[in-house]
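In case you want the letters, here they are:
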Amino acid sequence: MAFVGLGIVLGGLFGALTLKISGVPISLSTSGGALISGLIFGWLRGQHPTFGRIPEPALWVMNNVGLNIFIAVVGITAGPSFIVGFQEAGWGLFIAGAAATTLPLILALLLGRYVFKFHPVITLGCAAGARTTTAALGALQDAVKSKTPALGYTVTYAVGNTLLIIWGVVVILMMS
């Protein structure tokens, strides 16, 4: 657990660094820094498996309890603004959001199946990772009783999160 804690602290410190471009502060954020640090520490663990082992029960707690708490907090926080937004914008915004969420997933599944010819479990893992949805990965792994979906999840998750951070900055820069 010290290995995980060190990764989070170093990543958070790195992510907290801010660079100003045209007066606009740009940073990875502490969560973005933790993601980059996690990728580096995961790679280090893969190269040198003699350190950084996390016990299975601790992984279970982080994957299940931590994820459920995160989802609950996001729901509690977003609930009031969701209702207000829905009342102001109506069904149109809801349907547009559903389409923007669903269509890329359908396209990803079709590309994985027919263009890349991935196994369906890998394709579903890729789609979950691209949407940065850890809960979907857990549900997939539980459904197939295997860690195989993580093979498709890991790279697309890292790319999806990195692009989310970068494009957030790009959108802010475009608005200023």
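In every chain, residue numbers begin from 1 and rise along the written sequence. Only residues with pLDDT of at least 70 are given local features in this predicted model, and only at 80 or more are side-chain atom pairs given and counted; all residues enter the totals for whole chains, interfaces and linings. Calculated side-chain values reflect all of the structure's heavy atoms, with hydrogen atoms and water omitted.

## Thoughts on the overall build of the protein chain
Short version of the rule: Runs of E in the DSSP output that reach at least two residues are strands. Runs of H or I that reach at least four are helices, and both are numbered from the N terminus. For each residue, the accessible area found with a 1.4 Å probe, counting protein chains only, is set against the maximum for its type, and the residue is called buried under 20%, exposed over 50%, and partly exposed in between. Contacts are residue-level and defined by heavy atoms, with any inter-residue pair within 4.5 Å sufficient.
Of regular secondary structure, the protein chain possesses seven helices and two strands. Counted from the first residue to the last, the protein chain has its helices and strands arranged as α-β-β-α-α-α-α-α-α. Overall, the protein chain is about 55 × 45 × 35 Å in size when its C-alpha atoms are taken along their principal axes. Evaluated residue by residue, the protein chain yields a buried proportion of 20% over its 176 residues. In the protein chain, the proportion of contacts linking residues at least 24 apart, taken out of those at least 6 apart, comes to 51%.

## Concerning the side chain of Ser37
Within the secondary structure layout, Ser37 lies in helix H2 (residues 29-47). Using a relative accessible area of 7% as the deciding quantity, one classes Ser37 as buried. Apart from the residues within four sequence positions on either side, Ser37 is in contact with Gly7 and Gly11.

## Remarks on helix H6 (residues 134-144)
Selection criterion: The directions from the helix axis to the C-beta atoms form the arc being described.
The complete set of buried residues in H6 reads Leu137, Leu140 and Gln141. Buried residues along H6 cover an arc of 95° about the axis, so they all sit on one side. Exposed side of H6, more than 90 degrees from the buried face: Asp142 and Ala143 are the residues found there. Residues of H6 that are buried sit in contact with helix H5 (120-130) and helix H7 (149-175). Lys145 sits one or two residues past H6 and shows a positive phi near 50°.

## Topic: the environment of Pro57
The residue Pro57 is located in helix H3 (residues 56-89) in this model. Sequence-wise, Pro57 and Leu67 are ten residues apart; in three dimensions their C-alpha atoms are separated by 15 Å.

## Concerning the side chain of Asn161
For Asn161, the location among the structural elements is in helix H7. Aside from chain neighbours lying at most four places away, what touches Asn161 is Leu35 and Thr132.

## As for the packing of aromatic side chains
The cut-off we apply is this: Stacked, tilted and edge-to-face are the three classes applied to pairs of Phe, Tyr and Trp rings, where Trp contributes its six-membered ring and a pair requires centres within 6.5 Å; stacked means planes under 30 degrees apart, edge-to-face means over 60, and tilted covers the rest.
Under the criterion given, the structure shown has eight aromatic pairs. With centroids separated by 5.6 Å and ring planes inclined at 90°, the aromatic side chains of Trp91 and Phe94 adopt a geometry described as edge-to-face. Residue Trp91 and its partner Phe94 are located together in helix H4 (residues 91-115), separated by three residues, close to a single helical turn. Its relative accessible area of 57% is what places Trp91 among the exposed residues. What makes Phe94 partly exposed here is its relative accessible area of 40%. A centroid spacing of 5.1 Å and a plane angle of 20° characterise the contact between Tyr153 and Tyr157, whose relative ring orientation is stacked.

## What to know about the packing of H5 against H6
Where we set the bar: In this analysis an axis means a line fitted to C-alpha atoms, helices contributing only their contacting stretch, and an angle means the value between N-to-C directions, from 0 to 180 degrees. Should an angle lie under 35 degrees it is considered roughly parallel, over 145 roughly antiparallel, and from 65 to 115 roughly perpendicular; all remaining angles are considered oblique. Two helices that cross are described as forming a left-handed crossing if the nearer one is turned anticlockwise from the farther one by less than a right angle, and a right-handed crossing if clockwise. Classes in brief: Ala, Val, Leu, Ile, Met, Phe, Trp, Tyr, Cys and Pro nonpolar; Asp, Glu, Lys and Arg charged; the others, Gly included, polar.
Between H5 and H6, the shortest axis-to-axis distance is 9 Å and the interhelical angle comes to 160°. When the interaxial angle is binned, H5 and H6 end up roughly antiparallel. Handedness of the crossing formed by H5 with H6: right-handed. Contacts from Val121, Leu124, Gly125 and Ala128 of H5 reach H6 at Ala136, Leu137, Leu140 and Val144. For the contact of H5 with H6, the residue count by class is seven nonpolar, one polar and no charged.

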